Amino acid sequence: MENPRNGDLPADIIQEILLRLPVKTLLQFKCVCKNWCSLIGSPSFANQHFGRENNQERLLIRHYIPNEERYAFALYVDEMCSAYEEPAHLQMPDTVAALMGPLNGIFCVVNITGRLALLNPSMKQFKPLPSLHPNVEPHLSSYDNLLGFGLDVLSGDYKLVSLQYYWNEETDAPHYPSLVSVYSSGTDSWRHFEDVDLVNSSHCAYRSLCNTYLNGFYYWLMEFNDSDVAILAFDMTSEKFREIKVPDCIKSKEGDLTVYGDSIALLSCDLDKIDKCVDIWVMGKEGCWTRSSIVGPFSDIRWPLGFWKTNELLLETGTSVLTLYNVSTKRLRTVEARRKENGFFIYWVFSYKESLVSLKGNGASCKLWDTSSDSVKDFFKF
């Protein structure tokens, strides 16, 4: 049907109505006519829809279901986290080793063997990335692969940076230089760098609490000289690294990076104390830190997991209870509890919004995101 009757509604009114609809409905409406298909499929419409207030940000977690002995992804239905559902399109096999993002509704998926893919579950688009096959000497073995997932704000390309650390079997010691590789969705390919000073020394970066991408940069905490701590930042546009100082007091405590509102934040905690407090340090200008608040003390806390919305800190207790602490009201509320697996449990938490952003473009074609399909099964096989 190419000319649906619309009561002579102006085009801008029709667009405003469509922007209020969920992704599933809009994908169905693309079949109405060419004009609607073109509008709904345009990048500008996708960006407007993603930023609309009615497209609510919701808490997504991976949790354990004891009686079924499996993991599942739970999406909470409201901001109060009063109840959750387990949508089929958000479920992933247990061989998912890591999940990064989302950025504009797109996740980076890492399987248990290290294979990588981009995923937009709302669009049911799944795009395996080219294999990362660096040429290294046979006496070198990989012992860690640190990843950062972000967006080149100038080109609009999604980028994935890999920091590959190697162990020298001949000297039984870490090997330097490390290998830095960058994937770009624009070319659907990897580039390798070997002359990166900040990662070709005793500087060792490690994973953040969640996806610490902000305004064109990805951030990791970094240790060097045995006890010194700094932040390693990667510019997704220039593909350059830089080092950022942290508050001196962080050196004596355990710490993790997270995103807090529109800023990068450091959560530090002295795990040796019985009653533990979490210090929240917020970075204003680069390298300028302010301790915004002290949360606690808590007698039973495993570790903070990051922020939900702007002022609620997600915490996992020692008995695997997921809780939310409101920094403003200083109120603590339980979200849920799950049995510990093998003596420990680590929640994965994400802020998720539906997205019309398409993964189709240069390079390999997208696959249909269906965990029963052969292509998806092949990606996640062990």
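These numbers were taken from a predicted model, which means no experiment stands behind them.

Describing the overall build of the protein
Here comes step 1: When you go through the protein residue by residue, the secondary structure sums to five helices and 26 strands.
Here comes step 2: The buried share of the protein, reckoned over its 382 residues, is 49%.
Here comes step 3: Considering only residue pairs separated by 6 or more positions, the protein has 50% of its internal contacts joining residues 24 or more positions apart.
Here comes step 4: Approximately 19,100 Å² of the protein is accessible, and the part contributed by carbon and sulfur atoms is 49%.

A word on the sheet that holds strand β6 (residues 116-120)
Here comes step 1: The strand order across the open sheet built from five strands is β4-β5-β6-β7-β26, with neighbouring strands paired in antiparallel fashion. Strands at the two margins of the open sheet, each flanked by one partner only, are β4 (96-103) and β26 (367-368).
Here comes step 2: When β6 meets strand β7 (residues 125-128), the two strands line up antiparallel, connected through four bridges. Looking at the pairing, Ala117 lines up with Pro128 of β7.

Considerations on the environment of Trp281
Here comes step 1: Position of Trp281 relative to the elements: it lies in strand β19 (residues 276-283).
Here comes step 2: Overall, Trp281 belongs to the buried group, its relative accessible area being 12%.
Here comes step 3: Separated by 10 residues in the primary sequence, Trp281 and Arg291 have C-alpha atoms spaced 4.2 Å apart.

So, the state of the cysteines
Note: disulfide means a covalent bond formed between the sulfur atoms of two cysteine side chains.
Here comes step 1: Summed over the entire model, instances satisfying the criterion amount to zero disulfides.
Here comes step 2: Take Cys31: it sits in no disulfide, and the sulfur closest to it among the cysteines is that of Cys37, at 7.4 Å.
Here comes step 3: Assessed through its relative accessible area of 69%, Cys31 is described here as exposed.
Here comes step 4: Left unpaired, Cys33 is separated from the closest cysteine sulfur, that of Cys37, by 8.5 Å.
Here comes step 5: For Cys33, a relative accessible area of 6% corresponds to the buried category.

Describing the nonpolar core
Here comes step 1: With 49 residues, the main nonpolar core has Phe149, Leu160, Val161, Leu163 and Trp220 as its most contacted residues.
Here comes step 2: Per-element accounting of this core gives the leading share, five residues, to strand β9 (residues 158-168).

Considering the confidence of the model for the protein
Here comes step 1: The share of residues in the protein with pLDDT of 70 or more is 85%, and the mean pLDDT across the chain is 83.
Here comes step 2: Within the protein, β6 carries the highest mean pLDDT (95), whereas strand β12 (residues 204-206) carries the lowest (73).

Describing the pattern of salt bridges
Here comes step 1: Under the counting rule described, the total for this entry stands at 13 salt bridges.
Here comes step 2: Between Glu16 and Arg20 there is a salt bridge whose closest N-O contact spans 3.3 Å.
Here comes step 3: Arg291 is the partner of Asp279 in a salt bridge, and the nearest nitrogen-oxygen pair spans 3.4 Å. Of the two residues, Asp279 sits in strand β19 while Arg291 sits in strand β20 (residues 289-298), which places them 12 residues apart along the sequence.
Here comes step 4: In this structure Arg291 comes out as partly exposed when scored by relative accessible area, which is 43%.
Here comes step 5: By sharing partners, the salt bridges in this structure join Asp152, Lys159, Arg191 and Glu239 into a single network.

Scoring rules and cut-offs
- Residues numbered from 1 in each chain as written.
- Predicted model: local features only at pLDDT ≥ 70, side-chain atom pairs only at ≥ 80, totals over all residues.
- Heavy atoms only, no water.
- Helix = DSSP H or I, 4+ residues; strand = E, 2+ residues; numbered from the N terminus.
- Buried < 20%, exposed > 50% of the residue type's maximum accessible area, 1.4 Å probe, protein only.
- Contact = heavy atoms within 4.5 Å.
- Areas by Shrake-Rupley, 256 points an atom, 1.4 Å probe, with all protein chains shown as cover.
- Pairing = 2+ DSSP bridges.
- Disulfide = S-S within 2.5 Å.
- Core = buried A, V, L, I, M, F, W, Y, C linked by side-chain atoms within 4.5 Å.
- pLDDT = per-residue confidence, 0-100.
- Salt bridge = Lys/Arg side-chain N within 4 Å of Asp/Glu carboxyl O.

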